[in-house]
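Coordinates in review
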Amino acid sequence: MEKDLTRGNVIRTMLLFAAPMILGNLLQQCYNIADSLIVGRFFGPDALAAVGSAYTLMTFLTSVLIGLCMGSGSLFSFYFGKNQEESFQKANKSAFLFICLITILLNGAAFLGIDLILKLLKVPQSVYGIMREYVWIIFTGIFFVFLYNYFAYLLRAVGNSLTPLYFLAAAAVLNILLDLLFVAFFSWGIKGAAAATVLAQAISGVGIGLYTVLRHPKLRPVGGRFAISGNSLWEVVRFSVAACIQQSVMNFGILMIQGLVNSFGNAVMAAFAVAVKIDTLAYMPAQEFANAYSLFISQNHGANKTERLKQGTKWAIGVSCLFCVIVSIFVYITSPRLMGAFLPKGELEIIAIGTGYLRIEGACYCGIGLLFLLYGYFRGMGRPEMSIVLTVISLGMRVLLAYVLAPVPKIGVYGIWWAIPIGWLLADVAGCIALKRSMDNRL
């Protein structure tokens, strides 16, 4: 069902549109969390460390595709708000062709460079074999990740945030059931966990693609009246590549930190693997709310609703900050229990390390919540390059401080933990200055 985001009560419209996106992204996190929970319980810390490092790697690879789809989605939403069907369809066809090609190239490179990638991540020999086994299977699902995210962002661009949720919910439930079947019943080990994830991704990707082309002819990325033009392809490349760089640079920084974390040994590696999943799950609603806000901005920018843009931005900041404060308190209090849920009894060292990470990051969620909104605003306003600037500031400082502080004996791994919120804060300051200037220019 298409929804016009340029009409109705501002905050109610944003929240109703964002709710399915938030729930959907939380379900998406269930893919790897289910793997980690089941693998950690059945096979112990080494297997958990392997799956956790693979999660960081796959987050980086899929962030390239998600960024491309997200950037294209902003362009789709802009043309939908302007009610320009021809430009919308040309952009849709150009984006599908372009991102599909990038996906094929990325998948090929991942398979060919698998050993080099694992060596760059400084994966310990004790988990190297099982991690390679796991990611080899996981790589087969990259194309399905593209399919799901492309059609999900296409549907969201026209105000339909419910349909992607339905397909993702079915896939998440299937993933958990297959995890239990393959790992616990068939005893396929880490291969079973990987196979369960890929099969679930295939269901969601192929399913949402078929739904879109069969139920919504105007959204088909192939066929139709309008042909791809050079201008439409250039616009798609500009929007999608900028969002892709923003997403992938952000996750590449995390990947670099993963390599530094791995150098501290298996206990820190396993703790980081669990804590990052909890951390990501905790702030994911704020991230997805910001993505919904970005599409709200894009449609209203296309419709030239200046006052609605300002009202939406004020409400979005308030809602995001309130949510982040509540989640920060929850994570700070419950972090030992959250860590313990992923590990066998007696792994007190790993729980303590992960708790230290979560209490530092959890206290600063307002910083990442605001940063997500800033990314969304500039992407929605047709200035995706500004999102790249903010990402470079955040990640550049994060990686720099981590590598400077971590080798100091009295600081150690806590230098990595503190570097992350400091990077958020600096990017927030720069982004708020740019946001104020943008708002002033629209008066």
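In terms of helices and strands, the chain carries 15 helices and zero strands. Over its C-alpha atoms the chain spans a radius of gyration of 21 Å, differing by no more than 12% from the 22 Å that the globule rule assigns to 443 residues. Overall size of the chain, expressed as C-alpha extent along the three principal axes, is 60 × 45 × 35 Å. Per-residue burial for the chain yields a buried fraction of 60% across its 443 residues. As presented, the chain carries roughly 17,500 Å² of accessible surface, and 70% of it is formed by carbon and sulfur atoms. Side-chain charges of the chain comprise 32 positive and 19 negative groups, with the mean position of each set lying 6 Å from the other.

Turning to the packing of aromatic side chains, a few remarks are in order. Evaluation of the coordinates by the stated rule reveals 23 aromatic pairs. Judged by centre distance (5.3 Å) and plane angle (55°), the rings of Phe185 and Phe186 are tilted. Judged by its relative accessible area of 36%, Phe186 falls in the partly exposed class. By way of ring pairs, the aromatic residues Phe76, Phe88, Phe96, Phe143, Phe146, Tyr150 and Phe151 are connected into one cluster. Over the aromatic face of Tyr153 sits the side chain of Arg156, whose NZ or CZ is 5.2 Å from the ring centroid. Note that Arg359 overlies the ring of Tyr332, its terminal NZ or CZ placed 4.9 Å from the centroid.

Glancing now at the side chain of Ser294. Along the polypeptide, Ser294 turns up in helix α10 (residues 266–302). With sequence-adjacent residues up to four places away left out, Ser294 is seen in contact with Ser74, Gly376, Arg379 and Gly380.

Before going further, it helps to examine the environment of Ser63. On the secondary structure map, Ser63 appears in helix α2 (residues 45–82). Each C-alpha atom, one on Ser63 and one on Thr103, is 11 Å from the other, the two residues being 40 residues apart in sequence.

Right, let's get into the pattern of salt bridges. One pass over the structure, following the stated rule, counts five salt bridges. We note a salt bridge from Lys90 to Glu86, for which the minimum N-O separation is 3.0 Å. Linking Lys90 with Glu86, this pair stays in helix α3 (residues 85–112), spanning four residues, or about one helical turn. The exposure class assigned to Glu86 is partly exposed, which follows from its relative accessible area of 39%. For Arg132, the salt bridge identified is with Asp115, shortest N-O distance 2.8 Å. Linking Arg132 in helix α5 (residues 125–138) with Asp115 in helix α4 (residues 114–120), this pair joins segments that are 17 residues apart in sequence. For Arg132, a relative accessible area of 29% gives the class partly exposed. With a relative accessible area of 30%, Asp115 lands in the partly exposed category.

The backbone phi angle of Asn83 is positive, close to 60°, even though this residue is not glycine. Relative to the helices and strands, Asn83 is located in the loop between α2 and α3. Residue class for Asn83 comes out exposed when judged on its relative accessible area of 70%.

Together, Val408, Ile411, Tyr414, Trp418, Ile422 and Leu426 make up a nonpolar patch on the protein surface, roughly 490 Å² of accessible area in all. Looking at the element boundaries, Trp418 is found in helix α15 (residues 414–441).

Further remarks concern the state of the cysteines. This model, assessed by the stated rule, comprises zero disulfides. Looking at Cys69, it has no disulfide partner, and the nearest cysteine sulfur is the one in Cys244, 9.6 Å off. In this structure Cys321 is a free cysteine whose sulfur lies 4.7 Å from that of Cys366, the closest cysteine sulfur available. Using a relative accessible area of 30% as the deciding quantity, one classes Cys321 as partly exposed.

What follows deals with the environment of Glu361. Tracing the chain through its elements places Glu361 in helix α12 (residues 348–362). Accessibility expressed as a relative area gives 0% for Glu361, which makes it buried. Separated by 60 residues in the primary sequence, Glu361 and His301 have C-alpha atoms spaced 34 Å apart. Other than its neighbours up to four places away in sequence, Glu361 contacts Asp279, Trp417, Trp418, Ile420, Pro421 and Trp424.

Scored by pLDDT, the chain comes out at a mean of 85, with 92% of its residues at no less than 70. Highest mean pLDDT in the chain belongs to helix α6 (residues 142–157) (93); lowest belongs to helix α1 (residues 10–43) (76).

So, on to the packing of α6 against helix α7 (residues 162–185). Running from amino to carboxyl end, α6 crosses α7 at an angle of 150°, the nearest separation of the two axes being 8 Å. Considering their axes alone, α6 and α7 lie roughly antiparallel with respect to each other. Contacts between α6 and α7 involve Tyr148, Ala152, Leu155 and Arg156 from the former and Thr163, Pro164 and Leu168 from the latter. The class makeup of the residues in the contact of α6 with α7 is five nonpolar, one polar and one charged.

Definitions and cut-offs
- Every residue gets a number counted from 1 within its own chain, in the order that chain's sequence is written.
- Two thresholds apply to this predicted model, a pLDDT of at least 70 for residue-level local features and 80 or more for giving and counting side-chain atom pairs, whereas whole-chain, interface and lining totals are computed over all residues.
- Side-chain metrics rest on all non-hydrogen atoms present in the structure, leaving aside hydrogens and water.
- Strands here mean DSSP runs of E at least two residues long; helices mean DSSP runs of H or I at least four residues long; both are numbered from the N terminus.
- Just to be clear, the radius of gyration here is over C-alpha atoms, and the globule rule we use is 2.2 Å times residues to the power 0.38.
- We call a residue buried when its accessible area falls under 20% of the maximum for its residue type, exposed when it is over 50%, and partly exposed in between, using a 1.4 Å probe and counting protein chains only.
- Only the protein chains shown count as cover for residues, and the accessible areas themselves come from Shrake-Rupley with a 1.4 Å probe.
- All tallies of charge rest on Lys and Arg as positive and Asp and Glu as negative; His and the ends of each chain are not included.
- Here the site of a charge means NZ on Lys, CZ on Arg, CG on Asp, or CD on Glu.
- Under the pairing criterion, centres of Phe, Tyr and Trp rings, with the six-membered ring standing for Trp, must be within 6.5 Å; the plane angle then separates stacked pairs below 30 degrees from edge-to-face pairs above 60, leaving the rest tilted.
- As a reminder, the over-ring test applies to NZ of lysine and CZ of arginine, requiring each to be within 6 Å of the ring centre and within 35 degrees of the ring normal.
- Here a residue-residue contact requires only that any non-hydrogen atoms of the pair lie within 4.5 Å.
- Here, a salt bridge means any side-chain nitrogen of Lys or Arg that lies within 4 Å of a carboxyl oxygen of Asp or Glu.
- Patch membership is restricted to residues that have no salt bridge and whose relative accessible area is over 30%. Joining uses 9 Å for like charges and 5 Å for the nonpolar side chains Val, Leu, Ile, Met, Phe, Trp and Tyr.
- Put simply, a disulfide is two cysteine sulfurs that come within 2.5 Å.
- For every residue, the pLDDT score states the predictor's confidence, bounded by 0 at the bottom and 100 at the top.
- Each axis is a line fitted through C-alpha atoms, taken for helices only over the stretch in contact, and angles between the N-to-C directions span 0 to 180 degrees.
- Roughly parallel here means an angle under 35 degrees, roughly antiparallel means over 145, roughly perpendicular means 65 to 115, and every remaining angle is called oblique.
- Any residue that is not Ala, Val, Leu, Ile, Met, Phe, Trp, Tyr, Cys, Pro, Asp, Glu, Lys or Arg is counted as polar, Gly included; the first ten are nonpolar and the last four charged.

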